[in-house]
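Read off the chains here:
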Amino acid sequence: MSRTPPLAARLRGVASSPVRDLLALLERPEVLSFAGGLPAPELFDVDGVRGAYARVLSGPGARLALQYAPTDGNPELRALIADRLTGRGLPTDAGDLLVTTGSQQALTLVATALLDPDAVVAVEEPTYLAALQCFQLAGARIVTVPGDEHGVDPDALADVVARHRPVLFYTVPTFANPTGRTLPAERRAAVAQVAAESGLWVVEDDPYGELRYRGTPLAPLAAAPDAADRVLYLGSFSKIGAPGLRLGWVRTPAALRPALVVAKQAADLHTSTIDQAAAAAYLAVTDLDAHVRRLQDAYRERRDTMIAALPGTLPPGSRWTEPDGGMFTWVRLPGDLDATELLPTALAHDVAFVPGAPFYAATPDRSTFRLSFTTNTPDQIREGMGRLATALAVGAETPAAV
């Protein structure tokens, strides 16, 4: 019997995403899942997207849209994205942008361009699961930056920079995944100052920024003059358009852009030309602001429904975030209750959440878990929270959960 060749060393220690694993297990239609950060499919503009593809494939440029294309991305699409970012307070030219196959690829390209094996990366604690996977796969050493209910502590970041000399700091400052927290304006300015003074690259991941349900929008970190040449800004159509399009972008300082283009050429040559052309055709005729307002109205009601149900769902002494936008609330159970050990009981009651432990790069807080409120209707949320209340009550009484 022949031996199976070993896997590459860089895969050691890179765990599978529990969110992806849960999605594979949740095929039973009776399960109400608060696990995945999924947009509501009934809110996708199917007619608008269908019409965009039809226009592209029936127009004079149909054959060109099916051909190989420049690595940078569709020029019309980049111009439309640049206009939208500029309108949101982040002055951008089309030449500042590289279109990617989802913002996850943008993060992978940044890691390829900036991280050698054993390079140090600083992250918030807790942070986005797939970012941890990406940095682990690059062979980086991950260090954590503490924070509080307002997000990362800039003084703690300065201390981590002084002690560990990280190459980059990864952050989701607006409606963070998994916590839902938003970094205040004064802390954004302080983080930008740390980056400017230390030469630190900052990767600002902003997939949720347009999904605001209350409060005043904040300028991205990338808009700070102090750090204009230090911040890479990642964006995506997945949350305001449809994740199946797999279209994202990175807004990059000029000095780094050539390296990212080379990294993308080595990865996939270019993002799907037909999908880019359809996205450009869609944005050219669609009132995207009106579509985003519809999403905000629907998700605001869902957020409010979940937050209102939490006091009656969770054990006494629990804490949770009340996000101003995005897709998630972050829960901490009282005492030593372990969310991972409670999950099987929840699944037995046909409801799902994501335990918090995998979101930590260092010592996890096992009493935490993430709930997503965007996928289900308000009635489904109320039903699911009732199931979760029963599951937590049953699970908290079993010896394995204490």
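Only a predicted model underlies this, so the values are computations on that prediction, with no experimental measurement involved.

Colleague: Explain the pairing of strand 4 (residues 141-145) here, please?
Modeller: The side chains of a regular strand alternate between both faces of the sheet. Note that strand 3 (residues 120-124) and strand 4 share 5 bridges and pair parallel. Bridged to Glu124 within strand 4 is Val145. Tracing the backbone out of strand 3, into helix 6 (residues 129-137) and back to the parallel element strand 4 gives a crossover that is right-handed.

Colleague: Can you help me understand the UniProt feature "domain: Aminotransferase class I/classII large" (unreviewed entry) in the protein in this one?
Modeller: The UniProt feature table records "domain: Aminotransferase class I/classII large" (unreviewed entry) at residues 66-388. A distance of 48 Å separates the end C-alpha atoms of residues 66-388, which is 41% helix and 16% strand.

Colleague: Would you mind showing me how to read the pattern of salt bridges here?
Modeller: Any two side chains of opposite charge can pair, on the condition that their charged atoms come close. In the structure shown here, the tally under the stated rule is 16 salt bridges. For Glu210, the salt bridge identified is with Arg84, shortest N-O distance 2.8 Å. Taken together, the residues Glu210 in the loop between strand 8 (201-205) and strand 9 (231-236) and Arg84 in helix 4 (residues 75-87) connect sequence positions 126 residues apart. Here Arg84 falls in the partly exposed class, since its relative accessible area comes to 23%.

Colleague: Hey, could you run me through the side chain of Ser367 in this one?
Modeller: In this structure, Ser367 sits in the loop between strand 14 (354-355) and strand 15 (368-372). Among the polar contacts listed, one links the side chain of Ser367 to the backbone oxygen of Gly335, at a separation of 3.3 Å. At 2.7 Å, the side chain of Ser367 forms a polar contact with the backbone oxygen of Leu337. Every residue in contact with Ser367, bar those within four places of it in the chain, is listed here: Val331, Arg332, Leu333, Gly335, Asp336 and Leu337.

Colleague: Just to check I follow, could you spell out the sheet that holds strand 12 (residues 328-332) for this structure?
Modeller: Strand-to-strand pairing in sheets goes through backbone hydrogen bonds, with the strands running parallel or antiparallel. Here we have 4 strands laid out as an open sheet, ordered 11-12-15-14, and antiparallel in their pairing. With one partner strand each, in any of the chains shown, strand 11 (319-320) and strand 14 form the two edges of the open sheet. Here 2 bridges tie strand 14 to strand 15, and the two strands are oriented antiparallel to one another. The partner of Pro355 across the bridge, within strand 15, is Phe369.

Colleague: Looking at this structure, how should I read the nonpolar core?
Modeller: Phe169, Phe237, Phe353, Phe369, Leu371 and Met385 are the most contacted members of the largest nonpolar core, which has 76 residues in total. Apart from residues lying up to four places away in sequence, Phe369 is in contact with Leu314, Thr329, Trp330, Val331, Leu333, Ala339, Phe353, Val354, Pro355, Gly356 and Leu388.

Colleague: How should I be thinking about the pairing of strand 8 in this particular structure?
Modeller: Of all 5 residues in strand 8, 5 are buried; the element is thus mostly enclosed. Side-chain alternation along strand 8 places Trp201, Val203 and Asp205 on one buried face and Val202 and Glu204 on a second face that is also buried. You can see the chain leave strand 7 (residues 168-171), run along helix 8 (residues 185-198) and come back into strand 8, and the turn it takes is right-handed. Bridging between strand 8 and strand 9 involves 4 bridges; their strand directions are parallel. Of the residues in strand 9, the one forming a bridge with Val202 is Val231.

Colleague: Would you explain the sheet that holds strand 3 in this entry?
Modeller: The strand order across the open sheet built from 7 strands is 2-10-9-8-7-3-4, with neighbouring strands paired in mixed fashion. Strand pairing shows two members of the sheet lacking a second neighbour, strand 2 (97-100) and strand 4, which therefore form its edges. Averaged over all pairs of adjacent strands, the angle between their axes in this sheet comes to 20°, without regard to strand direction.

Colleague: Just to check I follow, could you spell out the environment of Glu76 for this structure?
Modeller: Structurally, the position occupied by Glu76 is in helix 4. Glu76 gets classed as partly exposed once you look at its relative accessible area, which sits at 46%. Separated by 201 residues in sequence, Glu76 and Ala277 place their C-alpha atoms 8.1 Å apart.

Colleague: Quick question: what am I supposed to make of the packing of helix 4 against helix 10 (residues 273-285) here?
Modeller: Packed helices, taken two at a time, are described by the angle between their axes plus the distance between the axes. Orientation of helix 4 relative to helix 10, taken along the N-to-C sense of each, is 45°, at an axis distance of 8 Å. Considered as vectors, helix 4 and helix 10 are oriented oblique to each other. For the crossing formed where helix 4 meets helix 10, the hand is left-handed. Contacts between helix 4 and helix 10 involve Glu76, Leu77 and Leu80 from the former and Gln276, Ala279, Ala280, Leu283 and Ala284 from the latter.

Colleague: Would you mind showing me how to read unusual backbone geometry here?
Modeller: What is expected of a backbone is that most residues other than glycine have negative phi and most peptide bonds are trans. Residue Pro126 is bonded to the preceding Glu125 through a cis peptide linkage, with omega at 0°. Position of Pro126 among the secondary structure elements: in the loop between strand 3 and helix 6. A cis amide bond links Asn177 to the next residue, Pro178, at an omega of 20°. With respect to the element layout, Pro178 can be found in the loop between strand 7 and helix 8. Despite not being glycine, Phe175 shows a phi value in the positive range, around 55°. With respect to the secondary-structure elements, Phe175 resides in the loop between strand 7 and helix 8.

Colleague: It is not clear to me how the packing of helix 7 (residues 154-164) against helix 8 should be interpreted in this structure. Could you clarify?
Modeller: Taken N-terminus to C-terminus, the directions of helix 7 and helix 8 make an angle of 15°; their axes are 9 Å apart at the nearest point. Of the possible angle classes, the one that applies to helix 7 and helix 8 is roughly parallel. In this structure, helix 7 meets helix 8 at a crossing whose hand is right-handed. In this structure, helix 7 uses Pro154, Leu157, Ala158 and Val161 to contact helix 8, whose residues at the interface are Arg187, Ala190, Val191, Val194 and Ser198. In terms of residue class, the contact of helix 7 with helix 8 is built from 7 nonpolar, 1 polar and 1 charged.

Thresholds, definitions, all that
- Residues numbered from 1 in each chain as written.
- Predicted model: local features only at pLDDT ≥ 70, side-chain atom pairs only at ≥ 80, totals over all residues.
- Heavy atoms only, no water.
- Pairing = 2+ DSSP bridges.
- Helix = DSSP H or I, 4+ residues; strand = E, 2+ residues; numbered from the N terminus.
- Right-handed = clockwise from strand over helix to strand, strands pointing away.
- UniProt positions renumbered as here; feature names shortened; annotations may be inferred.
- Salt bridge = Lys/Arg side-chain N within 4 Å of Asp/Glu carboxyl O.
- Buried < 20%, exposed > 50% of the residue type's maximum accessible area, 1.4 Å probe, protein only.
- Polar contact = N/O pair within 3.5 Å; in protein donor to acceptor, adjacent residues only side chain to side chain.
- Contact = heavy atoms within 4.5 Å.
- Core = buried A, V, L, I, M, F, W, Y, C linked by side-chain atoms within 4.5 Å.
- Axes fitted to C-alpha atoms, helices over the stretch in contact; angles between N-to-C directions.
- Parallel < 35°, antiparallel > 145°, perpendicular 65-115°, else oblique.
- Left-handed = near helix turned anticlockwise from the far one by under 90°.
- Nonpolar A, V, L, I, M, F, W, Y, C, P; charged D, E, K, R; others polar.

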